[in-house]
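Each chain, letter by letter, is given below.
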Amino acid sequence: MIPLEYWLILSSLMFVIGAYGVMTRKNAIVVLMCIEIMLNAANINLVAFSSYYSTLHPAFGTDVSGQVFALFSIAIAAAEVAVGLAILLSVYRRYQTIDVDKINILRW
């Protein structure tokens, strides 16, 4: 079994890469992909801690609460991507760009 620390290192690296992408990229589709990377890092944490808790306390049986939360998170992420892409399509039709710096649709 892979130690918990390795999963936490992987998860933190994925989260940092996603956060860096959100802060530095200008393309809205790439920003959405970086947000998905950050959500996947959180899912890895949920599953890793759930698995760690199950091996730490075998008398309580298999704890699948982390996997269930990760499954709900994946479903919410899929809905978020669908809504985000729909918004991006409508913004592109209006402004002919998806560059985040050039779109000031929500500013006064």
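All of the points below concern the structure found in this document. (Residues numbered from 1 in each chain as written. Predicted model: local features only at pLDDT ≥ 70, side-chain atom pairs only at ≥ 80, totals over all residues. Heavy atoms only, no water.)

**Thoughts on helix 3 (residues 65-95)**
At step 1: Taking 1.5 Å of rise per residue, the 31 residues of helix 3 would be expected to cover 45 Å, and the 44 Å separating its terminal C-alpha atoms lies within 8% of that figure.
At step 2: Taken together, the buried positions of helix 3 are occupied by Gly 66, Ala 70, Ser 73, Ala 77, Gly 84, Leu 88 and Val 91.
At step 3: Where helix 3 is buried, its residues touch helix 2 (28-56).
At step 4: Trailing helix 3 by a residue or two, Gln 96 shows a phi angle of about 60°, which is positive. (Helix = DSSP H or I, 4+ residues; strand = E, 2+ residues; numbered from the N terminus. Expected span 1.5 Å × (residues − 1). Buried < 20%, exposed > 50% of the residue type's maximum accessible area, 1.4 Å probe, protein only. Contact = heavy atoms within 4.5 Å.)

**Details of unusual backbone geometry**
At step 1: At Gln 96, a residue that is not glycine, the phi angle is positive and equals roughly 60°.
At step 2: The residue Gln 96 is located in the segment after helix 3 in this model.

**Considerations on the pattern of salt bridges**
At step 1: Under the defined criterion, the tally for this structure stands at 1 salt bridge.
At step 2: In this structure, the salt-bridge partner of Asp 101 is Lys 26, at a minimum N-O distance of 3.5 Å. Taken together, the positions of Asp 101 in the segment after helix 3 and Lys 26 in the loop between helix 1 (4-24) and helix 2 put the pair 75 residues apart, joining distant regions of the chain.
At step 3: The partly exposed category is assigned to Asp 101, whose relative accessible area is 49%. (Salt bridge = Lys/Arg side-chain N within 4 Å of Asp/Glu carboxyl O.)

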